[in-house]
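Results of the structural survey
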Amino acid sequence: MSLLCNHVLFLYRESLFLCDWKLPFGGKRDEDLILPLNDSISTTLSMEQMRATTTIMQSPDFDKDRIWLNGKEESFDNPRLIRCLTEMRRLAGDSPQKDWKIHICSENNFPTAAGLASSAAGYACLVYTLSKVLRVEGDVTAVARQGSGSACRSLAGGFVHWARGDRADGTDSIAKEIFPLVHWPSLRVLILVVTDKKKKVSSTSGMQRCVETSELLQYRVSHSVPRRVQDITKAIASKDFRTFAEVMMKDSNQFHATALDSFPPAVYMNDVSHSIAEMVHTYNNICGSTKLAYTFDAGPNACLYLEAADVPEVVALVTRVFPPSPDIVGEYVTGLPVSQAQLPQNLRANFEPSEAGLLQYCILTELGSGPKELTDPRCHLLAEDGTPKHLTS
């Protein structure tokens, strides 16, 4: 007898606090439990454009736990992976099936380890799928957090608040939806992929370096973050895009300043990233209002937030400033459909094209609702014998 469960999860995107400080601060946080130093607010994006897909098969005939990621088998000795599986098996209680070995196959349709939250989406998808296979009821965000801190936020839709918590065991460090996606249906996100290559400094090592060496981080956690959580929550509640955008950009800037304040510095943004930020500020100044906002995770790729009505003009702007490479295969802007628009003359006069090919591609998306379970066997990534249907040589 074997159990098969398949699950598709969105890729969330953080709208405010891009640093989930996971190491001890003041001797009160726990690295193994991945407890953050501060609260954070995030947005969940639609799985229609960006998603992780996971199939888990469980059988008494399997001789060991195995995992395949994007078509390649990986070692199962990852401490965080083992921790999540161990905890979910514990939560399964007295089920005789909880100790059966499992096979995991996971794929994502966006770059891995490039600063686009692939680990958060992957671990959230893994833990949610395990909860279905092992029949674990209740909130599993605390388990997902132990795989990747940000993963706990990826188990809810719309706008999500992750509380840092105060308890030593981390039981109050959980994520909850604070506004559903229908609260602000006109909000759009345009992701500019500068590179899909693995970043040189991982999020975990960069954050550890910041916690150990950055004086700016101490101020950020004690002064900036609590105020900004309140400010952006109010802005979301009233759909005040100007405040929402300005708080987001200021916090993104401070996060990267904190990374640079570490020793040695952790550098995530590059020249193209800075050019994107400059484009956004120039555009807002010409428009006379804040219509576009950027945020950068621990990587060079940008997420631009804007209203749906402004999408055609902004896409035309991005295409002018960062023209696609002549040999690009497929669409330059993927995801949601975009109406063609001519860039107004006053904007064309203030923006000159950069070198072609500085951006690899762009993805237009919107807010999403969270996890979705697929029951059609044709969607399963594992064959009946527990091996992947598709392998990468």
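Residues numbered from 1 in each chain as written. Predicted model: local features only at pLDDT ≥ 70, side-chain atom pairs only at ≥ 80, totals over all residues. Heavy atoms only, no water.

1. Notes on the packing of aromatic side chains
In total, this model carries eight aromatic pairs according to the counting rule given. Between tryptophan 184 and phenylalanine 241 the ring centres are 6.5 Å apart and the planes differ by 90°, which places this aromatic pair in the edge-to-face class. With tryptophan 184 in the loop between strand E9 (175–179) and strand E10 (187–193) and phenylalanine 241 in helix H6 (residues 241–261), the pair connects residues that are 57 residues apart, well separated along the chain. As far as burial versus exposure is concerned, tryptophan 184 and phenylalanine 241 are alike and both buried. A network of ring pairs unites the aromatic residues Phe159, Phe179, Trp184, Phe241, Phe244 and Tyr305 as a single cluster. (Phe/Tyr/Trp six-rings, centres within 6.5 Å; stacked < 30°, edge-to-face > 60°. Helix = DSSP H or I, 4+ residues; strand = E, 2+ residues; numbered from the N terminus. Buried < 20%, exposed > 50% of the residue type's maximum accessible area, 1.4 Å probe, protein only.)

2. Some words on the pairing of strand E7 (residues 101–108)
Two faces make up the sheet, and in a regular strand the side chains alternate between them. In terms of strand pairing, strand E4 (residues 51–59) meets E7 through eight bridges, oriented antiparallel. Each residue of the ladder has a partner; that of threonine 55, found in E7, is cysteine 105. Note: strand E5 (residues 66–69) against E7, four bridges, orientation parallel. Residue pairing in the sheet places isoleucine 67 in a bridge with isoleucine 104 of E7. (Pairing = 2+ DSSP bridges.)

3. Here's the deal with unusual backbone geometry
Each neighbour pair has its own omega, and for phenylalanine 263 with proline 264 the value is -5°, a cis peptide bond. With respect to the element layout, proline 264 can be found in the loop between H6 and helix H7 (271–287). At lysine 239, a residue that is not glycine, the phi angle is positive and equals roughly 55°. For lysine 239, a relative accessible area of 41% gives the class partly exposed.

4. Some words on the sheet that holds strand E11 (residues 292–296)
In spatial order, the strands read E11-E12-E10-E14-E13; together these five strands make up an open sheet with mixed pairing. Edge positions in the sheet fall to E11 and strand E13 (333–335), since each has one partner strand and no second. Averaged over all neighbouring strand pairs, the angle between strand axes comes to 25°, with direction disregarded. Where E11 lies against strand E12 (residues 302–307), five bridges are found, and the strand directions are antiparallel. Note on E12: the bridge partner recorded for phenylalanine 296 is alanine 302. (Axes fitted to C-alpha atoms, helices over the stretch in contact; angles between N-to-C directions.)

5. Let's talk about the nonpolar core
Soluble, globular proteins show a tendency: their nonpolar side chains are buried together. The biggest cluster of nonpolar side chains holds 59 residues, and the ones touching the most others in it are Leu190, Phe244, Ile276, Met279, Leu304, Val318 and Leu359. Put simply, the parts of the chain that give this core at least two residues each are E10, helix H5 (215–237), H6, H7, E11, E12, helix H8 (311–321) and strand E14 (361–366). The leading source of residues in this core is H8, at seven residues. Dropping the residues within four chain positions of it, methionine 279 is found in contact with Leu304, Leu317, Val318, Val321, Phe322 and Phe351. (Core = buried A, V, L, I, M, F, W, Y, C linked by side-chain atoms within 4.5 Å. Contact = heavy atoms within 4.5 Å.)

6. Structural notes on H5
In an α-helix there are 3.6 residues to a turn, and that puts residues three or four apart on one side. Relative to the 33 Å expected for 23 residues at 1.5 Å per residue, H5 spans 33 Å between its end C-alpha atoms, a close match to the ideal helical length. Of all the bends found along H5, the most pronounced is centred on valine 221 and spans about 45°. Within the span of H5, buried status applies to Leu217, Arg220, Val221, Ser224, Val225, Arg228, Val229, Ile232, Ala235 and Ile236. Contact partners of the buried residues in H5: strand E3 (40–44), strand E8 (159–162), E9, helix H4 (203–213) and H6. Where H5 begins, the capping side chain belongs to serine 214, and its oxygen is found 3.3 Å from the backbone nitrogen of leucine 216. Positive backbone phi, approximately 55°, marks lysine 239, located one or two places after H5. (Expected span 1.5 Å × (residues − 1). Bend = angle between axes of the 7 residues up to and from the residue. Polar contact = N/O pair within 3.5 Å; in protein donor to acceptor, adjacent residues only side chain to side chain.)

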